Amino acid sequence: TLRQQAEAIYISVKNNIYYDGNYQNNTDWVKAADDGFRNRRGDCYVYFGTAKALLNRAEITNMDIIKKGGGHYWSLVDLGQGWYHFDSTPRKTGGEFFMLTDAELTTYSKEIGKGSHVWDVDEYPATPLK
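In every chain, residue numbers begin from 1 and rise along the written sequence. Only residues with pLDDT of 70 or above have their local features reported here, since the model is predicted, and side-chain atom pairs are shown and tallied only from 80 upward, although totals for entire chains, interfaces and linings are computed over all residues. Only hydrogens and water are set aside; all other atoms, that is, all heavy atoms of the structure, feed into the side-chain values.

(A) The arrangement of the environment of Gly71 in detail. We count a stretch as a helix when DSSP gives it H or I for four or more residues in a row; a strand needs E for two or more, and each element gets its number in order from the N terminus. Its location among the elements puts Gly71 in the loop between β3 (61–66) and β4 (73–78). Taking the C-alpha atoms as reference points, Gly71 and Asn56, 15 residues apart in sequence, are found 23 Å from one another.

(B) Region of interest: the nonpolar core. The criterion is simple. A nonpolar core is a set of buried Ala, Val, Leu, Ile, Met, Phe, Trp, Tyr and Cys residues joined through side-chain atoms within 4.5 Å. Partly exposed residues are those whose accessible area sits between 20% and 50% of the maximum for their type, while under 20% is buried and over 50% is exposed, using a 1.4 Å probe and protein chains only. Ile9, Leu55, Ile60, Val77 and Phe86 are the most contacted members of the largest nonpolar core, which totals 32 residues. Residue assignment for this core shows that the elements contributing at least two residues are α1 (2–16), α3 (44–57), β4, β5 (83–86), β6 (98–100) and α4 (102–111). Take this core: its biggest share by element is seven residues, from α3. Residue contacts are defined here by distance: any two heavy atoms, one from each residue, within 4.5 Å place the two residues in contact. With near-sequence residues (within four places) excluded, Val77 lies in contact with Leu55, Ile60, Thr61, Asn62, Gly82, Trp83, Tyr84, Phe86 and Met99.

(C) The packing of α1 against α3, seen in detail. Angles run from 0 to 180 degrees between N-to-C directions of axes, and those axes are lines fitted to C-alpha atoms, restricted for helices to the stretch in contact. Look at α1 against α3: their axes get within 10 Å of each other, and the N-to-C directions meet at 150 degrees. Viewed along their axes, α1 and α3 adopt a mutual orientation that is roughly antiparallel. Here α1 runs over α3; the crossing is right-handed. The segment α1 lies against α3, with Ala6, Ile9, Val13 and Lys14 engaging Tyr47, Thr50, Ala51, Leu54 and Leu55. Nonpolar residues are Ala, Val, Leu, Ile, Met, Phe, Trp, Tyr, Cys and Pro. Charged residues are Asp, Glu, Lys and Arg, and all others, Gly as well, are polar. Among the residues forming the contact of α1 with α3, the class breakdown is seven nonpolar, one polar and one charged. Should an angle fall under 35 degrees it is called roughly parallel, over 145 degrees roughly antiparallel, and 65 to 115 degrees roughly perpendicular, with every other angle called oblique. Here a crossing is taken to be left-handed if its near helix is turned anticlockwise relative to the far helix by less than a right angle, and right-handed if that turn runs clockwise.

All we've got here are geometric facts, nothing functional implied.
This is the structure we're talking about:
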């Protein structure tokens, strides 16, 4: 199913790239994806770009999200039941960020993530409530 494919992409990207906060590119997602595949290291932009390349290849509808003020990148995916947040970047605080609603991600960002996921809600489609 689309959900199984998206989850496999999420797990693969999250588990096969080493987080490196010294990555210097945040404008060319194709280069970031290439760096993810070749070097298996990078920051959230590499996780985002690598996941985007695989989601596109699997023909899974996705949309880019940029944190207000920059500094973090993730995706919205639509697997046929509406848009959900998809962020394969691992967090020191733990947690899974596959198919999260706006409410779930906002709660995490406020309570644990210290503002990690703040986006302009007027620029993106809202997720389902559950």
